[in-house]
Amino acid sequence: MRLVYLAIEDPTIKSGVPGKIKNQVKCLRQEGHYVKLVFVVYDYSLNEPFYLEVNEAYWVLYVKTYHLTFISKIVNRLKLFRSLSTIIRDQAFDFIYVRYPHYLDYPFYRFSQIFRKKLILESQTKEKEELLLRKQYLKALFEKLFKPGVFKNLYACIGVTDEITNYQKRFDKSGEVRFKTIGNGINIYNVTPAKVSEFPRNELRLLFVGNVFPHHGLDRMIKGIAYYKGDLDVVFTIVGDGSGVNELKNMVSQYKLGQSVEFVGEKYGNELSLYFDQAHLGIGALGIHRKGLKEASVLKIRDYAARGLPFVTSGRDYDFDDSPEIQYCYYKVSLADSPIDIEQLINISKILYGSYKDTFSKDLRHFSFRTTDMRIQMDELMKFLAK
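Since this is a predicted model, take the numbers as computed values, not measurements. (Residues numbered from 1 in each chain as written. Predicted model: local features only at pLDDT ≥ 70, side-chain atom pairs only at ≥ 80, totals over all residues. Heavy atoms only, no water.)

J.: Honestly, the packing of helix 10 (residues 299-307) against helix 13 (residues 360-371) in this entry has me stumped. Any pointers?
T.: Axes are the key here: two packed helices are described by the angle between their axes and the distance separating the axes. The geometry of helix 10 relative to helix 13 is characterised by a closest axis approach of 6 Å and an angle of 120 degrees between their N-to-C directions. When the axes of helix 10 and helix 13 are compared, the pair comes out oblique. Facing helix 10, whose interface residues are Ala-305, Ala-306 and Arg-307, helix 13 presents Ser-361, Leu-364, Arg-365 and Ser-368. (Axes fitted to C-alpha atoms, helices over the stretch in contact; angles between N-to-C directions. Helix = DSSP H or I, 4+ residues; strand = E, 2+ residues; numbered from the N terminus. Parallel < 35°, antiparallel > 145°, perpendicular 65-115°, else oblique. Contact = heavy atoms within 4.5 Å.)

J.: What's the story with the pairing of strand 8 (residues 178-181) in this structure? I'm lost.
T.: Both faces of the sheet carry side chains from a regular strand, because those side chains alternate between them. With burial as the criterion, only one face of strand 8 is covered, namely that bearing Phe-179 and Thr-181; the residues Arg-178 and Lys-180 on the opposite face remain uncovered. In terms of strand pairing, strand 7 (residues 154-159) meets strand 8 through 4 bridges, oriented parallel. Looking across to strand 8, one finds that Cys-157 is bridged to Phe-179. Handedness of the β-α-β unit built from strand 7, helix 6 (residues 162-169) and strand 8 comes out right-handed. (Buried < 20%, exposed > 50% of the residue type's maximum accessible area, 1.4 Å probe, protein only. Pairing = 2+ DSSP bridges. Right-handed = clockwise from strand over helix to strand, strands pointing away.)

J.: Honestly, the pairing of strand 11 (residues 261-265) in this entry has me stumped. Any pointers?
T.: Bridging between strand 10 (residues 233-239) and strand 11 involves 4 bridges; their strand directions are parallel. Residue pairing in the sheet places Val-239 in a bridge with Gly-265 of strand 11. Taken together, strand 10, helix 8 (residues 245-254) and strand 11 constitute a β-α-β crossover, and its handedness is right-handed.

J.: I would appreciate a short explanation of the environment of Gly-282 in the present structure.
T.: Tracing the sequence through the fold places Gly-282 in strand 12 (residues 281-283). Spatially, the C-alpha atoms of Gly-282 and Ser-297 are 15 Å apart, while their sequence positions differ by 15 residues. In this structure Gly-282 touches Leu-207, Tyr-304, Leu-309, Pro-310, Phe-311 and Val-312, once residues within four positions along its chain are discounted.

J.: Quick question: what am I supposed to make of the pattern of salt bridges here?
T.: Two side chains with opposite charge may pair up if their charged atoms get near one another. One pass over the full model with this rule turns up 25 salt bridges. For Asp-219, the salt bridge goes to Arg-290, with nearest N and O atoms at 2.9 Å. On the criterion of sequence distance, the pair formed by Asp-219 in helix 7 (residues 218-227) and Arg-290 in the loop between strand 12 and helix 10 is long-range, its members being 71 residues apart. A salt bridge links Asp-322 to Arg-316, with the shortest nitrogen-to-oxygen separation between them at 3.1 Å. One salt-bridge network, in which partners are shared between bridges, spans Arg-316, Asp-321, Asp-322 and Lys-332. (Salt bridge = Lys/Arg side-chain N within 4 Å of Asp/Glu carboxyl O.)

J.: Got a minute to help me understand the side chain of Thr-371 in this structure?
T.: Its place among the elements puts Thr-371 in helix 13. Discounting chain neighbours no more than four positions away, the residues touching Thr-371 are Asp-319, Ile-376 and Gln-377.

J.: I'm lost on the sheet that holds strand 10 in this one. Help?
T.: The strands that make up a sheet pair up through hydrogen bonds in the backbone, lying either parallel or antiparallel. Here 6 strands make up an open sheet; going across it, the order is 11-10-9-12-13-14 and the pairing parallel. Only two strands of the sheet have a single partner each, and these edge strands are strand 11 and strand 14 (330-333). With direction set aside, neighbouring strand axes in the sheet form an average angle of 25 degrees. Bridge count between strand 12 and strand 13 (residues 311-314): 2 bridges; the pairing is parallel. The residue of strand 13 that forms the bridge with Gly-282 is Phe-311.

J.: Looking at this structure, how should I read helix 7?
T.: Count 3.6 residues to each turn of an α-helix, and residues three or four apart come out pointing the same way. Of all the 10 residues making up helix 7, 8 are buried; the element is thus mostly covered by neighbouring parts of the structure. Among all positions of helix 7, only Leu-218, Asp-219, Arg-220, Met-221, Ile-222, Gly-224, Ile-225 and Ala-226 are buried.

J.: Could you clarify how one ought to interpret the sheet that holds strand 5 (residues 95-99) in this entry?
T.: Strand order in the open sheet formed by 8 strands is 3-4-2-1-5-6-7-8, and the pairing between neighbours is mixed. With partners counted over all chains shown, the strands left at the sheet margins are strand 3 (50-54) and strand 8, one partner each. Geometrically, the sheet is characterised by an average inter-axis angle of 20 degrees between neighbouring strands, direction not taken into account. Across the face of the sheet, helix 1 (residues 16-30) comes into contact with strand 1 (2-7), strand 2 (34-43), strand 5 and strand 6 (119-123) while running at roughly 165 degrees to strand 2. Sitting on the sheet, helix 14 (residues 374-386) touches strand 1, strand 5, strand 6, strand 7 and strand 8, and the angle it makes with strand 8 is about 160 degrees.

This is the structure we're talking about:
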């Protein structure tokens, strides 16, 4: 099968979404499928409206961006998708697989008309609700106005949970769009297993890795640490950046938690592995309910599991919840904004690093190879498209 994979993401970012996309494409190519990967990057420093960089692994379309008027932004987006149309037309392909472009608007609607019944959208969330959470009200309005028209032109839509897939089905008024739920996966073979830490009597170490947004709910963890009155020291390390970091730093200052919560920025390779080796629990997304979700397929907890690190999460994740043999390896908090109970995390850690110290890492790694490896997800996708 021949695919064009389109993503409005920065390929220079080594982890997170760009990393997942590269792994998806790598797995498809290894199975003999032709995939032309095209990233779109907005760049303030560009001297021309557009610049196409051609690499062996992927292409990057750089788009000049600056402070534009409302009308100019729409015109710029029209030019962007017109340029993409020109690039894609030159490729022989069966489908265009699009990582949901943050929001749907008139320029993307026109793009979908050009490639009618060739487009496949991958959705990770309830987009309008997340835009409203981020206070991006104009984008949320565009999403509401143009989504039904885009769905008339789709061939298929992939949701990463059943809840998201069912949400997207509401916009298929024609009944012609094909839908499929395929959870997120990672390249297990690229993941370095974490060392199993000792659980000392005087310290609990918590680790979050990823871009920081409100739906990650890290404020719940910080409040939990602030309200904790026990004797054990708690150290919460946040590895990554994002729009939510400054708000969290202000909260840490407010609660005077400078010695308990540390922000270390983005880390990769051996430097990142050192943080995993010191951690007792990984912290997943604790605020998915803020996006109106009860289910999620969170990349970061898949990374934690692949490394053999127990974790804290929220909501339903069918990959994990349907695997009873590893349910002792993670703790699920409520879908609410209440502070996290640190005493509960300490008690769970004592059990894990006491009775199950020799088993949890192996069980999580074995589960990951069997269930969340990217090759499994991509094989499922190709079988779906081949029908």
